[in-house]
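The residues making up each chain are set out below.
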Amino acid sequence: MDGTILLFLLQDGITNGAVYALLGIAIVLIFAVTRVIFIPQGELVAFGALTYALLEAGRLPGTVWLTLAFGALAFAFDLAASLSTGIDARKLTRSAGLTLALPAALLAVTYGVAGAGFGPGVHILLTLALVTPLGPYIYRVAFQPIASASILALLITAVGVHLALVGLGLVFFGAEGVRAPSLSELTLELGPLLVSGQSLVIYAVTLLAIGALWFFFERTLWGKALKATAVNRLGARLVGIRTTFAGALAFGLAALVGALSGILIAPVTTIYYDTGFLIGLKGFVAAIVGALASYPLTAVAALAVGIVEAFSSFVASDLKEVIVFMLIIPVLVWRSLTQPHVEEED
Amino acid sequence: MTSPPAATHAQPLRSEAPMTARSEAALPPTTAGGPQTEDQRSIPRGRLKLPPLEPCIAIAVFAAIMAVLPLVPGVPLFAITLIGNIGLAALVALGLVLLTGVGGMTSFGQAAFCGFGAYTTAVLTTTYGWSPWATLPVALLVAGSAAVVLGLLTVRLSGHFLPLGTLAWGISLYYLFGTLDILGRHDGISGIPPFSIAGHDLTDPRTVHYLIWGLVIGAAILTMHLLDSRVGRAIRALRRGQLAGESFGIDAARMKLVVFVYAALLAGLSGWLYAHVTRTVTQTPFGINAGIEYLFMAVLGGAGQIFGAVVGAGLVTVLKEALQRVLPQVFGHGVQLEAVVFGILLVGLLQVAREGVWPHIAALWPARGRPVPPDAPALARRGASAAPSEKLLVLDGAVKKYGGLTAVNAVSFAVGRGEIVALIGPNGAGKSTTFNLITGVTRLTTGAVRFEGMDITGAPPQEIARLGIARTFQHVKLNPEMSVLENVALGAHLRGHAGVLASMLRLDRRDEARLLGEARRQIERVGLAEHMLKPAGSLALGQQRVVEIARALALDPVLLLLDEPAAGLRHKEKEALAALLRSLRAQGMSVLLVEHDMGFVMGLTDHIVVLDFGTKIAEGPPAAIKTNPQVLEAYLGGVA
């Protein structure tokens, strides 16, 4: 393995790692706020990638129907809850606006945009707009009703959501794989290394997204509310932060980050309806290194996962996944040894 | 998730008295002890009720139905095949029931263990020409060894990290199966010979049916025996946290590993059967989706319920078959929608019926009241102490620091033989931390603990228990679903010997009768005889504290550590408790207790140690402590 290959693998690893970092951060965010280990994060990535690639190909993405369906389901839950507690017309109208009117409007816009020759910028915005609402809808339907259940019950629910989303991905996007054109045709020559414009876009967007999340958490009231919920749910409620809102917000942010990651990788690799699971799990490996709590540690670990993956695909491509996922075991053991389990006093 | 140590006893002292009063008022009126049977709790009223059914009869009936089924004319072949598949899945689900429902661990990776069993026999029979029967021990050995290695790595993981670990190695192994040349890579291994008996191949689903269900029923019986034994109690105790079990000598990590390997062996057995039933093996059925499906079966059937495994496996397998037939006709070809249905069902199940299906089926029959165990020969008592001249327990300059906070600061005191010593002090004084330092739950920063002249500084709770120190907890740590009897029998764990195999084969009955007999004696001794068979969680909090004392006595301790034993007790109950402790003292037992009820403490103890902010501020006989100005200062904030 000479220096050029080494550098190339390193660059490849960092590119993938940057995307895993975004996912890992989204996973940590959801866990911190809601205690949900959100296995389906990868599906949101796949949906983002498929939506963007289909829009670029001038086709109507199945996401419009998916969002419409999930919105309707979320409304049904809101309606049922409202019926059992007494109807609050204002709340219900707001819910209808967010869960019924919004997806319908998105459907109309997408009809207008798809195939009308708009550029990547519009397609990116539309993709983000289509996928992001899925987060809060999923939270409303699957997790909000059991928000106080054990982490284990929430995890099993997350696995159920994963199963459902993969299947729905097949229904709404079909079995064929798609790939989007590159976001930038630029190629930079750095010594022996060719750096593609796409990689540069990925680095830039990842850094921007991490910066934006930092700003959100440190400088905005909503961000601080989320942080407060993460630290102490009961305390947050006592000072007037609705944990339901915090949960929906966290899921919305995670879906946004997922869609963004999807757009970033759509030009790099062919995406199928079920590609997201493995990508998401690599974000998980990183999130676990960060103990599902530390954002910076997660980001660094994600880069390490990307690099290990790049090198193992060069050295033993067949065993790539085996190596990447076995990586998690020593990490978990180290975690459990450094953080002795303290029994929760009830 | 970890709270600072001070947070658990953060209430100021003066709130204590009214709190106690309130919890006393909340107790039911003093009619306690009307004979109540187990039947009264779990059966929903107004439902269909069937005559009582002994489990052994139920199993016999089920076995008879399974035996007759293939012989009934008109039962189509595909139905028999389907029932065979249910049996294969039920074996794996049975392991998960034990792992998840009973042991409190969750695995998404059980399908990989099926893979170990299936691939082992596939390679041995096709490449090396072994007989399918001969490969069974090897298949189990491979699956079991893999489980030992993965288990050693992963069962230590706490909470949600374990299932994530199983997810990771589940995926990893799936790819490994499809990569190795010896396993036929992605094509897998075909041409696996069927089972055969005396030259007759068992290729007909109707004949292999007997093998599959014979093994399922056998495994269910062995598992039932295992759960209803000394080892089973230890396993069941895992679920509600490890500390209580460890304080009675249960090696929690080892118990977890035992359960993990047991579940893997059942999965391996299923894989071995599968290979010779389908006669071809590929990586697909051993992937993470299959692992999720097995977990779904266990949750649907009712995690923790042995028969739930069969019910869950049956429902999921039949549903999957039905969906695979119906859905393509509705939605066109090629689209596998069953994952969507399973996903939605799983999400819905956790929202509306987390306990699963089996408890609802079981409710059709009246709950079976277990008899009070008969009197059994007493267990051997602990031998006399080796160094009777030394003080029993000596705490020498014990210091515990949490970062910058010193919870216990150079505390020294001793407990003599046949003495009742009280540890008192305002909340946050470091009393419970001192308890934890003695019992090995928390490690000392500096200082030493000696017991019977032996240095026990830093010894784990299991070792401390073995030496004869038994404890109760400030926050009751009983398994609320287990009966009082079983909870107390857990205390006698170290005095029994039966292991996993003996328990499964029911060779443990003499040992078990003695343990239960001992538990019964201790329960009668503390005056809770009429509550013996009730679930511990149904007792009032004060009574649960007394159950903890009975559990501690079942250890046959030399030293009893009681953390607020009188909290939540009514006046009469406190008097009874004091009388009990006096009689224990008269028999030579030593007691160290933390208590806030000063009347209780002053009238009972020989010696009192007062802590304030982690420092010992006084010690001496009750009369001296009552008038000690420093003690009054600490309690009342200054002498008037």
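Rules used throughout
Residues numbered from 1 in each chain as written. Chains lettered and ligands numbered in written order. Predicted model: local features only at pLDDT ≥ 70, side-chain atom pairs only at ≥ 80, totals over all residues. Heavy atoms only, no water. Helix = DSSP H or I, 4+ residues; strand = E, 2+ residues; numbered from the N terminus. Buried < 20%, exposed > 50% of the residue type's maximum accessible area, 1.4 Å probe, protein only. Contact = heavy atoms within 4.5 Å. Areas by Shrake-Rupley, 256 points an atom, 1.4 Å probe, with all protein chains shown as cover. Salt bridge = Lys/Arg side-chain N within 4 Å of Asp/Glu carboxyl O. Pairing = 2+ DSSP bridges. Patch = residues over 30% accessible without salt bridge, like charges linked within 9 Å, V, L, I, M, F, W, Y side chains within 5 Å. Lys, Arg positive; Asp, Glu negative; His and termini not counted. Charge placed at Lys NZ, Arg CZ, Asp CG, Glu CD. Domains from an automatic or database assignment. Buried area = accessible area lost by both parts, 1.4 Å probe. Polar contact = N/O pair within 3.5 Å; in protein donor to acceptor, adjacent residues only side chain to side chain. Core = buried A, V, L, I, M, F, W, Y, C linked by side-chain atoms within 4.5 Å. pLDDT = per-residue confidence, 0-100. Axes fitted to C-alpha atoms, helices over the stretch in contact; angles between N-to-C directions. Phe/Tyr/Trp six-rings, centres within 6.5 Å; stacked < 30°, edge-to-face > 60°.

Engineer: How should the overall build of chain B be read in this particular structure?
Structural biologist: Each helix and strand in chain B was counted, giving 25 helices and 14 strands. For chain B, the residues scored as buried account for 54% of the 640 residues in total. Of the contacts made within chain B by residues no fewer than 6 positions apart, 77% connect residues no fewer than 24 positions apart. Per element, the accessible surface of chain B, about 26,200 Å² overall, is 62% carbon and sulfur.

Engineer: Any chance you could explain the pattern of salt bridges here in plain terms?
Structural biologist: Charged atoms that come close allow side chains of opposite charge to pair. Counting across every chain of the model gives 27 salt bridges over all chains. A:K282 is the salt-bridge partner of A:E321, the closest N and O atoms lying 3.1 Å from each other. Taken as a pair, A:E321 in helix α14 (residues 320-326) and A:K282 in helix α12 (residues 276-289) lie far apart in primary sequence, 39 residues in all. Put simply, B:R417 and B:E452 hold a salt bridge, and the shortest N to O gap is 3.7 Å.

Engineer: What is the right way to read the sheet that holds strand β6 (residues 405-415) of chain B from this model?
Structural biologist: Two strands in a sheet stick together by hydrogen bonds in their backbones, pointing the same way (parallel) or opposite ways (antiparallel). All names here are of chain B. Strands sit in the order β6-β5-β8-β9 across an open sheet of four strands; the sheet is antiparallel. Each edge of the open sheet is held by one strand with a lone partner, namely β6 and β9 (454-455). Here strand β5 (residues 393-402) pairs with strand β8 (residues 446-451) via five bridges, running antiparallel. Pairing of L393 across the sheet is with F451, part of β8.

Engineer: Would you mind going over a positive patch on the surface with me for this structure?
Structural biologist: Residues and elements named next belong to chain A. Taken together, R90, K91, R94 and R242 make up a surface patch of like positive charges. By the secondary structure assignment, R90 is in helix α4 (residues 89-113). Given a relative accessible area of 74%, R90 falls into the exposed group.

Engineer: Help me understand the domain arrangement of chain B, please; the structure alone is not making it clear to me.
Structural biologist: Accessible area lost upon the coming together of the parts serves often as the stated size of an interface. Residue and element names in this part refer to chain B. What the domain assignment reports for chain B is domain 1 (55-362) and domain 2 (393-636). Between the C-alpha centres of domain 1 and domain 2 the distance comes to 42 Å. Facing the 23 residues of domain 1 at the interface are 37 residues of domain 2. Buried surface at the junction of domain 1 and domain 2, summed over both partners, amounts to about 2,800 Å²; 62% is from carbon and sulfur atoms. The tally of links from domain 1 across to domain 2 stands at three salt bridges. For the salt bridge of R233 with E512, the shortest nitrogen-to-oxygen distance reads 2.9 Å. Along the contact surface separating domain 1 from domain 2 lie twelve residue pairs in polar contact (both at pLDDT 80 or more). Secondary-structure elements contributing two or more residues to the side of domain 1 that touches domain 2 are α8 (205-227), α9 (230-238), α10 (243-246) and α11 (252-278). Here the side of domain 1 that touches domain 2 takes six residues from α9, the largest share from any one element.

Engineer: Looking at this structure, how should I read the interface of chain B and chain A?
Structural biologist: Listed per partner, the contact involves 48 residues of chain B and 49 residues of chain A. When the buried surface of chain B facing chain A is broken down by residue, B:F161, B:L164 and B:Q351 rank first, second and third, together holding 13% of it. On inspection of chain B and its partner chain A, the count reaches one salt bridge. A:D318 is the partner of B:R185 in a salt bridge, and the nearest nitrogen-oxygen pair spans 2.5 Å.

Engineer: Hey, could you run me through the pairing of strand β14 (residues 615-620) of chain B in this one?
Structural biologist: Residues and elements named next belong to chain B. Sheet topology note: the strand β13 (residues 607-612)/β14 ladder contains five bridges and is antiparallel. Following the sheet pairing, V609 is matched in β14 by E619. What sits between β13 and β14 in their antiparallel hairpin is a turn of two residues, with F613 showing a positive phi close to 50 degrees.

Engineer: Hey, could you run me through the pairing of β8(B) in this one?
Structural biologist: Each regular strand displays side chains that alternate between the two surfaces of the sheet. Relative to β9(B), β8(B) runs antiparallel, the two being bridged by two bridges. The residue bridging B:R450 from the neighbouring strand is B:D455, located in β9(B).

Engineer: What am I meant to see in the nonpolar core here?
Structural biologist: One broad rule of soluble globular proteins: the nonpolar side chains tend to lie buried together. Core analysis: the biggest nonpolar cluster contains 203 residues, and A:I37, A:I39, A:F143, A:L226, B:F113, B:L164 and B:Y294 have the highest contact counts within it. At 15 residues, the largest contribution of residues to this core is made by α11(B). Not counting the four nearest positions on each side in its chain, B:L164 is found in contact with A:I37, A:I39, A:F284, A:I288, A:L292, A:I328 and A:L332. B:I523, B:A550, B:L577 and B:V601 belong to the second-largest nonpolar core, a separate cluster that totals 55 residues.

Engineer: Would you mind going over the environment of B:G588 with me for this structure?
Structural biologist: Residue and element names in this part refer to chain B. Position of G588 relative to the elements: it lies in the loop between α22 (571-586) and β12 (590-594). Given the relative accessible area of 42%, G588 is considered partly exposed. Residues G588 and L559, 29 residues apart in the sequence, show an inter-C-alpha distance of 9.6 Å.

Engineer: Just to check I follow, could you spell out the confidence of the model for chain B for this structure?
Structural biologist: Segments scoring low in pLDDT should not have their predicted coordinates read at a detailed level. Across chain B, the average pLDDT comes to 84, with 89% of residues at 70 or higher. The low-confidence segment residues 1-46 of chain B, where pLDDT is below 50, has 50 contacts with residues more than four positions distant or belonging to other chains.

Engineer: Even after reading the chapter, I still don't get the side chain of B:H493, so can you show me in this structure?
Structural biologist: Residue and element names in this part refer to chain B. Looking at the secondary structure, you find H493 in the loop between α18 (484-491) and α19 (500-504). Taking the relative accessible area as the measure of exposure, H493 reaches 5% and is therefore buried. With residues up to four places along the chain from it excluded, the contact list for H493 reads R230, A234, F248, G249 and I250.

Engineer: Would you mind showing me how to read unusual backbone geometry here?
Structural biologist: Most peptide bonds are trans, and most residues other than glycine sit at a negative phi. Residue and element names in this part refer to chain B. Phi at R185 takes a positive value of approximately 45 degrees, unusual for a residue other than glycine. Tracing the backbone shows R185 in the loop between α7 (161-177) and β1 (189-190). Despite not being glycine, D556 shows a phi value in the positive range, around 60 degrees. By relative accessible area, which is 6% here, D556 ends up buried.

Engineer: Help me understand the sheet that holds β12(B) in this model?
Structural biologist: All names here are of chain B. Ordered by their spatial adjacency, six strands build an open sheet running β10-β11-β12-β7-β13-β14, and the pairing between neighbours is mixed. Where the open sheet ends on each side, the last strands, each with one partner, are β10 (469-471) and β14. The sheet shows a mean angle of 15 degrees between the axes of neighbouring strands, direction not considered. As judged from the four bridges shared by strand β7 (residues 420-424) and β12, these two strands associate in the parallel manner. Across the sheet, the residue bridging to L423 is V594, located in β12.

Engineer: Honestly, the confidence of the model for chain A in this entry has me stumped. Any pointers?
Structural biologist: In the predicted model, chain A carries a mean pLDDT of 86, and the fraction of residues at 70 or more is 97%. Below a pLDDT of 50 lies the segment residues 341-346 of chain A, which in the model reaches eleven contacts outside its immediate sequence neighbourhood of four places, other chains included.

Engineer: Got a minute to help me understand the environment of A:L60 in this structure?
Structural biologist: Residue and element names in this part refer to chain A. Counting through the fold element by element, L60 comes out in the loop between α2 (41-56) and α3 (63-85). For the pair L60 and L183, spaced 123 residues apart in sequence, the C-alpha to C-alpha distance is 20 Å. Each residue touching L60, except ones within four places of it in the same chain, is listed here: W65, T110, Y111 and A114.

Engineer: In this structure, what is going on with the packing of aromatic side chains? I would like to understand it.
Structural biologist: For the structure shown, the criterion picks out 24 aromatic pairs over all chains. An angle of 75 degrees between the planes, with centres 4.9 Å apart, marks the rings of A:F38 and A:F251 as edge-to-face. Of the two residues, A:F38 sits in the loop between α1 (3-34) and α2 while A:F251 sits in helix α11 (residues 243-265), which places them 213 residues apart along the sequence. A relative accessible area of 1% means that A:F38 is categorised as buried. For A:F251, a relative accessible area of 1% gives the class buried. Among the aromatic residues, those joined into a ring-pair cluster are B:F113, B:F116, B:Y119, B:W169, B:F177, B:F260, B:Y274 and B:F286.

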